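Take a look at the letters that make up each chain.
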Amino acid sequence: MDDRAVGLTEALREARAEVAARVAEFDETTRILAEARGDSDTDDEHDPEGTTIAWDRAVSAATADSARQRLADVETALARVEAGWDGTCVGCGRPIPVERLAVRPQADRCVECASRR
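Just so you know, these numbers come straight off a predicted model, no measurement behind them.

> Explain helix 2 (residues 53-82) here, please?
Between its terminal C-alpha atoms helix 2 stretches 43 Å, which fits the 44 Å expected from 30 residues at 1.5 Å a residue. Every buried residue belonging to helix 2 is among S60, A64, A67, L71, V74, A77, L78 and V81, and all of these are buried. In the segment just after helix 2, G84 is the residue with positive phi, at about 120 degrees.

Here it is, written out as structure tokens:
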């Protein structure tokens, strides 16, 4: 594995750990909100004090789903690099700039090719 691939692997493993931690946080928040509601028959839908528990749960669950998708994207990219991908664009074959991969490590296309999709 060359230096570029090693760097990509490290970046993807770091991204995976960060996103997995976020997924766990959102899942825990959703669980806590569900427990807060419990079997209560309190009508939080008309609570003038702020958002409802149902709304908070929905937002937390949607955010967790988004983080899970990001985790799947990073896992796919990591598998691609570990299988020998060297960071070249699948569209044009040129190396994807390191700056792009630092921001979006799962990218498989350079900005120019990605903008054509």
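> Any chance you could explain the packing of aromatic side chains here in plain terms?
Each aromatic ring pair is summarised here by two numbers: the centre-to-centre distance and the angle between the ring planes. Summed over all chains, the structure comprises zero aromatic pairs. Note that R80 overlies the ring of W85, its terminal NZ or CZ placed 4.6 Å from the centroid.

> Before we go on, may I ask you to explain the pattern of salt bridges in this structure?
Oppositely charged side chains can pair when the atoms bearing their charge come close. Under the criterion given, the structure shown has eight salt bridges. As a salt-bridge pair, R31 and E28 come within 2.4 Å of each other at their nearest N and O atoms. Residue R31 and its partner E28 are located together in helix 1 (residues 3-37), separated by three residues, close to a single helical turn. A relative accessible area of 37% means that R31 is categorised as partly exposed. Accessibility expressed as a relative area gives 33% for E28, which makes it partly exposed. Three or more residues joined by partner-sharing salt bridges are found here, namely D27, D65 and R68.

Cut-offs and rules
- Residues numbered from 1 in each chain as written.
- Predicted model: local features only at pLDDT ≥ 70, side-chain atom pairs only at ≥ 80, totals over all residues.
- Heavy atoms only, no water.
- Helix = DSSP H or I, 4+ residues; strand = E, 2+ residues; numbered from the N terminus.
- Expected span 1.5 Å × (residues − 1).
- Buried < 20%, exposed > 50% of the residue type's maximum accessible area, 1.4 Å probe, protein only.
- Phe/Tyr/Trp six-rings, centres within 6.5 Å; stacked < 30°, edge-to-face > 60°.
- Lys NZ or Arg CZ within 6 Å of the ring centre and 35° of its normal.
- Salt bridge = Lys/Arg side-chain N within 4 Å of Asp/Glu carboxyl O.

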